[in-house]
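Fold and contact review
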Amino acid sequence: MQLHHVTETLDVNDADLSGSRFNDANLSGATFNQINLSGARFNDSNLSGWHMNDVNLSGAVLQNLNLSGAVATNCRLTGMVIDGVPVEEMIALWRQVKG
């Protein structure tokens, strides 16, 4: 199925869209609940103001990101590495210095 130049709101339920491609699509304000995006790729995408809650990003590869002003709370960081630095060690050292 192909949709071109559609400007209507789309309501998709219980659908298998695996292998679909979205190019030059405006999904601002869209809501995604119980969505499987495993293996999905986001390239040259604007996710500013994005809110994620109870999301599994284990094994995700994040490259060339602008994380300015990003806030992460109540996260499992086991094995997470930023620019070669293990995050758990970085936080432990920060807590030690902070006292």
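Before reading further, recall that the structure is shown in the block above.
How each quantity is defined
- Residues numbered from 1 in each chain as written.
- Predicted model: local features only at pLDDT ≥ 70, side-chain atom pairs only at ≥ 80, totals over all residues.
- Heavy atoms only, no water.
- Helix = DSSP H or I, 4+ residues; strand = E, 2+ residues; numbered from the N terminus.
- Rg over C-alpha atoms; globule rule 2.2 N^0.38 Å.
- Buried < 20%, exposed > 50% of the residue type's maximum accessible area, 1.4 Å probe, protein only.
- Phe/Tyr/Trp six-rings, centres within 6.5 Å; stacked < 30°, edge-to-face > 60°.
- Expected span 1.5 Å × (residues − 1).

What the protein chain contains, in helices and strands, is one helix and two strands. Of the regular secondary structure in the protein chain, the N- to C-terminal order runs β-β-α. In terms of overall dimensions, the protein chain is more spread out than a globule: its C-alpha atoms have a radius of gyration of 18 Å, far above the 13 Å expected for 99 residues. Per-residue burial for the protein chain yields a buried fraction of 1% across its 99 residues.

Right, let's talk about unusual backbone geometry for a bit. Phi angles above zero are rare outside glycine, and H5 is one such case at about 55°. Summarising the element assignment, H5 is placed in the segment before β1 (81–82). Take H5: its relative accessible area is 83%, and that puts it in the exposed class. With phi around 50°, D24 is a residue other than glycine that occupies positive phi space. You can see D24 is positioned in the segment before β1. Here D24 falls in the exposed class, since its relative accessible area comes to 85%.

Following the criterion strictly, the structure yields one aromatic pair and no others. With a centroid separation of 6.4 Å and 50° between ring planes, the pair formed by F42 and W50 is classed as tilted. Overall, F42 belongs to the partly exposed group, its relative accessible area being 48%.

What follows is about the environment of L62. Checked against the element boundaries, L62 lands in the segment before β1. Sequence separation between L62 and F42 is 20 residues, and the spatial gap between their C-alpha atoms is 9.9 Å.

Glancing now at helix α1 (residues 87–98). Taking 1.5 Å as the rise per residue, α1 with twelve residues should run 16 Å; its terminal C-alpha atoms sit 16 Å apart, in good agreement. The buried fraction of α1 amounts to one of the twelve residues, a small share that puts the element mostly on the outside.

This part is about the environment of V12. Turning to its location among the elements, V12 is positioned in the segment before β1. With a relative accessible area of 43%, V12 lands in the partly exposed category. Sequence-wise, V12 and F32 are 20 residues apart; in three dimensions their C-alpha atoms are separated by 9.9 Å.

Another aspect to go through is the environment of L10. Following the sequence through the fold, L10 ends up in the segment before β1. By relative accessible area, L10 is classed as exposed at 61%. In the structure, L10 is positioned 20 residues away from A30 in sequence and 9.5 Å away in space, judged by C-alpha atoms.

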